[in-house]
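A look at the structure
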Amino acid sequence: MTDVAPAATETIERTLVLVKPDGVRRGLSGEILRRIEAKGYTLAAAHLLDATPELLAAHYAEHEGKPFYQPLVDFMLSGKILAVVAEGQGVVPGFRSLAGATNPTEAAPGTIRGDLGRDWGLKVQQNLVHGSDSDESAAREIALWFPGLGL
Ligand code: IDP
């Protein structure tokens, strides 16, 4: 593998990864970080925290009003979350490829959700991870989960 530091002019791409409470509870945080690093991305920041209703309302604003919204918020409040900023060229789509499809039953083998997730018959997809869906979302979400970091 080539291991080349970015040129000074290269824009550093970042994404927000969340290891959701099911991932932390099941002891999968290390395995998920291992996959991010094994792919060649760099961990720029990480912290374990309890989310608040206010933080989740901002993070999931686009889903407000959907049937799974309140179960999703309740699930995200049910335990610790590991919030991570990962860096690297193409990391936004790249991490979503690593994560796999939203529904872990449909997620391809080889992906985090496909290998490690399943349907638990609950009202929300407990699918282990979140990854930002665009550079704009990443910037917004990193500011929410890492206020004051200045990234
Ligand atoms: P993503 O996490 O794959 O980007 P989004 O559509 O942004 O998926 O949905 C956010 C989260 O809401 C999902 O990761 C999942 O936990 C939950 N979710 C999404 N769609 C459904 C659904 O149809 N039923 C139950 N939960 C859902």
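What counts, and where the lines are drawn
Residues numbered from 1 in each chain as written. Predicted model: local features only at pLDDT ≥ 70, side-chain atom pairs only at ≥ 80, totals over all residues. UniProt positions renumbered as here; feature names shortened; annotations may be inferred. Core = buried A, V, L, I, M, F, W, Y, C linked by C-beta atoms within 7 Å. Buried ≥ 20, exposed ≤ 12 C-beta atoms within 10 Å, placed from the backbone. Helix = DSSP H or I, 4+ residues; strand = E, 2+ residues; numbered from the N terminus. Contact = placed C-beta atoms within 7 Å. Near = placed C-beta within 6 Å. Nonpolar A, V, L, I, M, F, W, Y, C, P; charged D, E, K, R; others polar.

Named according to an unreviewed UniProt entry, the protein is Nucleoside diphosphate kinase originating from Cellulosimicrobium arenosum. The Function (unreviewed entry) comment attached to the protein in UniProt states, word for word, "Major role in the synthesis of nucleoside triphosphates other than ATP. The ATP gamma phosphate is transferred to the NDP beta phosphate via a ping-pong mechanism, using a phosphorylated active-site intermediate." Recorded in UniProt under Subcellular location (unreviewed entry), the annotation for the protein is "Cytoplasm".

Another point: the nonpolar core. Leu 16, Val 17, Ala 86, Phe 95 and Val 129 are the most contacted members of the largest nonpolar core, which totals 28 residues. Among the secondary structure elements, those contributing two or more residues to this core are strand 1 (14-19), helix 2 (29-39), strand 3 (81-87), helix 5 (91-99), helix 6 (112-116) and helix 7 (135-145). When sequence neighbours within four positions are dropped, the list of residues in contact with Ala 86 reads Arg 14, Thr 15, Val 17, Ile 36, Tyr 41, Thr 42, Leu 43, Ala 44, Val 91 and Phe 95.

Along the polypeptide, Leu 77 turns up in the loop between helix 4 (69-76) and strand 3. The partly exposed category is assigned to Leu 77, around which 15 C-beta atoms lie within 10 Å. Residues within four places of Leu 77 in sequence aside, it is in contact with Ala 51, Pro 53 and Leu 56.

Let us look at the site of the ligand. What surrounds the ligand is the set Phe 68, Leu 72, Thr 102, Val 124, Gln 125, Asn 127, His 130 and Asp 133. Residue composition of the shell around the ligand, by class: three nonpolar, four polar and one charged.

Let's shift gears to the UniProt feature "binding site: ATP" (unreviewed entry) in the protein. Annotation from UniProt places "binding site: ATP" (unreviewed entry) at Lys 20, Phe 68, Arg 96, Thr 102, Arg 113 and Asn 127. Structurally, Arg 96 is set in helix 5. Leave out the neighbours within four places in its chain, and Arg 96 touches Gly 131 and Asp 133. Turning to its location among the elements, Thr 102 is positioned in the loop between helix 5 and helix 6. Apart from the residues within four sequence positions on either side, Thr 102 is in contact with Gln 125 and Asn 127.

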